[in-house]
Amino acid sequence: MNVSEAVRTRRSVRAFTGKPVDLDVLKSVLDTAQLSPSGGNVQPWNASILTGDPLAQLISAVAGKLPQGPAGQSPEYDIYPKDLPEPYRSRRYGVGEALYESIGIDRGDKMGRMMQMAQNFRAFEAPVCMFVHTPGYMGPPQWSDIGMWLQTIMLLLREAGLDSCAQEAWSLYGAEIREAVNIPEDHIFFCGMAIGCRDVNAPINNFAVPRAEVQENITYLGFPD
Ligand SMILES: Cc1cc2nc3c(=O)[nH]c(=O)nc-3n(C[C@H](O)[C@H](O)[C@H](O)COP(=O)(O)O)c2cc1C
């Protein structure tokens with residue numbers, strides 16, 4: 001697999017087979033991802049990778065809070081800016097609509113959507129979930145470094161025949177994650193990443209993910225026509 005294939009075949013996978021993930025493969029991916037660039041070579045990423053009982057215990061602790069809705073949550077940060085303006089708002093809702101449509105959940109089916117959203121807090125049944133944190137004093141440049149590291153991991157996972165879904169949703173349950181993962185007090189929890197083998201037949205892994213036309217994002221200046 002080359003880099004382009006890894007990029008093209010990566011997608012956020014939200015249904016996994018039960019196949020366990022080999023620790024040596026994970027270690028090799030994380031060792032290689034350590035070569036990711038970061039401003040000033042600060043390498044601000046920190047993570048714990050859970051499987052088996054520790055993951056089951058965290059899932060159970062969060063499940064205990066889900067019935068309380070927002071009252072049971074302890075958000076680490078605002079996931080999106082308030083009143084996200086266009087075109088970002090439509091992009092955000094666009095992928096949500098495509099996802100729910102793929103599994104037959106109607107626009108008006110609030111309970112169905114909530115149940116699907118709650119799958120986040122089971123790591124979509126992935127056998128492994130990584131929990132990422134960084135010191136609270138780190139700013140946007142260092143968060144962007146963490147993003148590069150995460151993408152490097154996601155591509156290396158593809159090369160290893162594995163799949164993933166980055167999960168900011170876990171940040172709603174900072175208290176339970178801090179307890180389970182032993183995050184230092186001065187760190188902020190950023191996101192989870194479900195890791196495992198893609199269920200290739202699951203409709204939720206097969207819908208077309210909309211993308212903006214590249215001209216909306218990129219401007220070329222000074223090149224010949
Ligand atoms: C940092 C980050 C956090 C994300 N958090 C979630 C999440 O909590 N739950 C989820 O289902 N998808 C999550 N996603 C996946 C995005 O929805 C997905 O990347 C986007 O819709 C594009 O789809 P694709 O990854 O399949 O190409 C996250 C992605 C990133 C990069």
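The rules behind these values
- Residues numbered from 1 in each chain as written.
- Predicted model: local features only at pLDDT ≥ 70, side-chain atom pairs only at ≥ 80, totals over all residues.
- Heavy atoms only, no water.
- 1 Å grid on protein atoms, 1.4 Å probe; cavity = no way out; pocket = protein on both sides within 12 Å on 5 of 7 lines; lining within 4 Å.
- Points joined across faces, edges and corners; volume = space filled by probe spheres on them.
- Helix = DSSP H or I, 4+ residues; strand = E, 2+ residues; numbered from the N terminus.
- Nonpolar A, V, L, I, M, F, W, Y, C, P; charged D, E, K, R; others polar.
- Buried < 20%, exposed > 50% of the residue type's maximum accessible area, 1.4 Å probe, protein only.
- Arc of directions from axis to C-beta.
- Contact = heavy atoms within 4.5 Å.
- Salt bridge = Lys/Arg side-chain N within 4 Å of Asp/Glu carboxyl O.

1. Focus on the layout of surface pockets
As a volume, the largest pocket reaches approximately 2,200 Å³. Around the largest pocket, the lining comprises 50 residues; the ones closest to its centre are Arg14, Tyr80, Arg92, Val95 and Glu168. At the level of secondary structure, the elements contributing two or more residues to the lining of the largest pocket comprise helix H4 (88-102), helix H5 (110-118), helix H6 (140-159), strand E3 (163-167) and strand E4 (187-196). Ranked by residue count, the leading element in the lining of the largest pocket is H4, at 11 residues. For the lining of the largest pocket, the per-class residue count stands at 30 nonpolar, 10 polar and 10 charged.

2. Focus on H5
Among the residues making up H5, those that are buried are Gly112, Arg113 and Gln116. One side of H5 holds all its buried residues, which, seen down the axis, span an arc of 100°. Facing away from the buried side of H5 by more than 90 degrees, the exposed set consists of Lys110, Met111, Met114 and Met115. Elements in contact with the buried residues of H5: H4.

3. A word on the pattern of salt bridges
On inspection of all chains with the given rule, the structure shows 8 salt bridges. The salt bridge involving Glu97 is made with Arg107; its shortest N-O contact spans 3.8 Å. Of the two residues, Glu97 is situated in helix H4 and Arg107 in the loop between H4 and H5; the sequence distance between them amounts to 10 residues. Glu97 gets classed as partly exposed once you look at its relative accessible area, which sits at 26%. Classification of Arg107 as exposed rests on a relative accessible area of 66%. Each of Glu97, Arg107 and Arg113 takes part in one network of salt bridges that share partners.

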